[in-house]
Amino acid sequence: MSKQRTYINKLPEHIGQSVVLKGFVQAIRNQGGIKFLILRDVTGLVQLVVLKSSAAFEKVSGLTLESVIEVIGTVKEEKQAPGGIEVAADDFVVLGEAAPELPIPVVVEKGGEETEVSKRLDWRFIDLRKPEKAQIFRIWTELERGVRDFFYSRGFTQIYTPSFMDAPSESGAEVFEVAYFEKKAYLAQSPQFYKQMAMAAGLEKVFTMGPVYRAEPSFTTRHMTEFTGWDFEISYIESHFDVMAELEQMLLAGFERVKTTVLPDLKVPTVPFPKLTMLEAKAKLAARNVPSEKPSDLSPEEERALYDISKEDYNSDFIFVTDYPVEVRPFYHMRYEDNPGITKSFDLLYKGIEIVTGAQREHRLDILEKQALEKGMPLESISSYLSFFKYGCPPHGGVGIGPGRIVMKMLDLPSVKEATYLPRDVKRLSP
Ligand code: ATP
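The model shown is predicted, which means the values in this text are computed figures rather than measured ones. The numbering scheme is per chain: residues are counted from 1 as the chain's sequence reads. In keeping with the model being predicted, local features are shown solely for residues with a pLDDT of at least 70 and side-chain atom pairs are shown and tallied solely at 80 or more, while totals for entire chains, interfaces and linings include all residues. Neither water nor hydrogens contribute to the side-chain values; these are computed over all heavy atoms in the structure.

## Here we look at the packing of helix α7 (residues 278–287) against helix α8 (residues 300–314)
Logical step 1: Packing of α7 against α8 leaves a shortest axis separation of 10 Å and a crossing angle of 90°. Comparing their axes, α8 and α7 come out roughly perpendicular. Here A281, K282, K284 and L285 of α7 come into contact with α8, specifically with E302, A305, L306, I309, D313 and Y314.
Logical step 2: In the scheme used here, Gly and all other residues not listed as nonpolar or charged are polar, with Ala, Val, Leu, Ile, Met, Phe, Trp, Tyr, Cys and Pro taken as nonpolar and Asp, Glu, Lys and Arg as charged. Its residues assigned to classes, the contact of α7 with α8 shows six nonpolar, no polar and four charged. Think of each axis as a best-fit line through the C-alpha atoms, taken over the contacting stretch in the case of a helix, with angles from 0 to 180 degrees between the N-to-C directions. Think of it this way: any DSSP run of H or I at least four residues long counts as a helix, any run of E at least two long counts as a strand, and we number them from the N terminus. Angles below 35 degrees are treated as roughly parallel, those above 145 as roughly antiparallel, those between 65 and 115 as roughly perpendicular, and all remaining angles as oblique. Any pair of residues with heavy atoms lying within 4.5 Å of one another is described as a contacting pair.

Below is the structure:
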């Protein structure tokens, strides 16, 4: 069978022709003198008909579900068949045999329940054979492509930042220590310091996409110990509002790309997104009797309630909360000159969860040092970072984005782990 392979979604272009298909055997049905197989490749499903007269007929008896085969057959229009097309199989060879018992089913029987998530994640490669699960990563691919196209068109430079650091990137908490030859190293909790260094290097606009590590013992549906972060940082901004405007355009480009390629029903947001200061958000929440745990921060319940507010008051799935108090923001967030208790910062919520944090950064060394000391950070521990601001650094700001959370909410998945190829959490280090 050395003929060129045809993908299942291209079969309508080959009616009446002989084709070679390759894929997984998703179902086998015997109906007296005829056998039916459902074959699945990366583009879709097709029914194969195996007649008694064909060389394939006897071989089907030895075939196991989910084996990988190469089939030669003839494409036919068949109204009864799913998709209106079937392939009359002449012969097939087994390229990869599956053991007779699968650890989890690929097809959930009608009325049946999906295998529970932790078992599915144990058998992730079989779980991902389900087209709807594989689709999650097509969507992520297109989202990232739209976002990258946006960065390229705006003249951003891509940087790759290291994961090993000689000191924790933000604070002592939530950091993984690793043995590094004779020393200790720490896994980066964010590329924050390195992308700010790029501003001091004069690169003006940078983005990076890479792994981020958090040693937080969280058992929520939105936290993992390792996740992919997207970050950008831009120079010569007037305020954090310039950062938010850039972020809105970036998200718009990503969502548009997803809509036009893989998810026609996706709601593409309109920009600008609604913006509330923390004080305004708290007032709106109080008016709805949503309890406030802390005056300076939002609880998950408040974030969810802000989704109702963004939908009802602004017809938006997205909402910015700006002006976080100093106590809940890191030392490097710039503060208002006339209101030093408040930072020029924001979070972006999408359907009730935080997907982005951003801010204008403090680039004036004397103020930065003062703010670090106030937060109890010994200047020696961040001396390398502080040096970025010693020899001229433009005003700048940027964001840290969690694409897993965006995909989770875009598809209304129950957890960020379902939107992650191989999630890592407190309990899970494999596969
Ligand atoms: P949260 O308050 O939800 O714990 P954070 O304030 O710690 O998040 P940042 O440090 O600002 O988050 O990280 C930037 C973005 O990275 C977040 O807006 C979120 O989308 C994503 N993110 C943060 N922590 C995690 C995590 N543990 N797992 C998955 N994504 C995360």
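Having seen the model, we can carry on.
## Some thoughts on the sheet that holds strand β2 (residues 34–41)
Logical step 1: When DSSP finds two or more bridges between two strands, those strands count as paired. Sheet architecture is closed into a barrel: five strands sit in the order β1-β2-β3-β5-β4, paired in mixed fashion. Between one strand and the next, the sheet's axes are offset by a mean angle of 55°, whatever the strand orientation.
Logical step 2: With seven bridges connecting them, strand β1 (residues 18–31) and strand β4 (residues 68–77) associate as antiparallel partners. Of the residues in β4, the one forming a bridge with L21 is V71.

## Quick word on the packing of helix α4 (residues 131–153) against helix α11 (residues 403–410)
Logical step 1: Between α4 and α11, the shortest axis-to-axis distance is 11 Å and the interhelical angle comes to 125°. Judged on the interaxial angle alone, α11 and α4 are oblique. Of the two possible hands of crossing, α4 and α11 adopt the one that is right-handed. Facing I136, I139, W140 and L143 of α4, the residues of α11 in contact are P403, G404, I406, V407 and M410.
Logical step 2: Grouping the amino acids of the contact of α4 with α11 by side-chain chemistry returns eight nonpolar, one polar and no charged. Each crossing is labelled by how the near helix is turned from the far one, with a counterclockwise turn of less than a right angle marking it left-handed and a clockwise turn marking it right-handed.

## Some points on a nonpolar patch on the surface
Logical step 1: To count toward a patch, a residue needs a relative accessible area over 30% and no salt bridge; like charges are then connected within 9 Å, while nonpolar side chains (Val, Leu, Ile, Met, Phe, Trp, Tyr) are connected within 5 Å. Note that accessible areas follow from Shrake-Rupley with a 1.4 Å probe, and for residues the cover is restricted to the protein chains shown. Whenever Lys or Arg places a side-chain nitrogen within 4 Å of a carboxyl oxygen from Asp or Glu, that contact is recorded as a salt bridge. A contiguous nonpolar patch, built from F164, Y180 and F181 and spanning about 370 Å² of accessible area, is present on the exposed surface.
Logical step 2: Taking the relative accessible area as the measure of exposure, F181 reaches 73% and is therefore exposed. Relative accessible area decides the class of each residue, using a 1.4 Å probe on protein chains only: under 20% of the type maximum gives buried, over 50% gives exposed, and in between gives partly exposed.

## What to know about the environment of T343
Logical step 1: Of note, T343 is situated in strand β15 (residues 339–343).
Logical step 2: For the pair T343 and F273, spaced 70 residues apart in the sequence, the C-alpha separation amounts to 20 Å.
Logical step 3: With near-sequence residues (within four places) excluded, T343 lies in contact with D323, Y324, V326, R329, H333, M334, R335 and Y336.
Logical step 4: At a separation of 2.6 Å, a polar atom in the side chain of T343 contacts the main-chain carbonyl oxygen of Y324. In protein, a polar contact means a hydrogen-donor-capable atom and an acceptor-capable atom, both N or O and within 3.5 Å, with residues adjacent in sequence counting only if both atoms are side-chain atoms; elsewhere, any N or O pair within 3.5 Å suffices.

## Looking at the environment of A27
Logical step 1: Topologically, A27 is positioned in strand β1.
Logical step 2: Between the C-alpha atom of A27 and that of R40, which follows or precedes it by 13 residues, the distance is 9.4 Å.
Logical step 3: If near-sequence neighbours (up to four positions away) are discounted, A27 is found in contact with F36, L37, I38 and L65.

## With respect to the packing of aromatic side chains
Logical step 1: Each Phe, Tyr or Trp ring (for Trp, its six-membered ring) is paired with any other whose centre lies within 6.5 Å, and the angle between the two planes then decides the class: stacked below 30 degrees, edge-to-face above 60, tilted in between. As enumerated under the stated definition, the model contains 24 aromatic pairs in all.
Logical step 2: Between F193 and Y385 the ring centres are 3.9 Å apart and the planes differ by 20°, which places this aromatic pair in the stacked class. Of this pair, F193 sits in helix α5 (residues 192–200) while Y385 sits in helix α10 (residues 383–387), and the two are 192 residues apart along the sequence.
Logical step 3: Residue classification places F193 among the buried residues on the basis of a relative accessible area of 7%.
Logical step 4: Grouped by ring-pair contacts, the aromatic residues F150, F151, Y152, F156, F207 and F232 constitute a single cluster.

## Notes on unusual backbone geometry
Logical step 1: Looking along the chain, the bond that leaves V271 and enters P272 is cis, with omega of -5°.
Logical step 2: Tracing the backbone through its elements, the reader meets P272 in the loop between α6 (240–261) and β12 (275–277).
Logical step 3: Of the consecutive residues S430 and P431, the connecting peptide bond is found in the cis state with omega at 0°.
Logical step 4: Topologically, P431 is positioned in the segment after α11.
Logical step 5: Positive phi is not limited to glycine here, since F181 has a value of about 50°.
Logical step 6: The topology assignment puts F181 in the loop between β8 (177–180) and β9 (183–187).
Logical step 7: Positive phi, close to 60°, is recorded for N289, a residue that is not glycine.
Logical step 8: Here N289 is to be found in the loop between α7 and α8.

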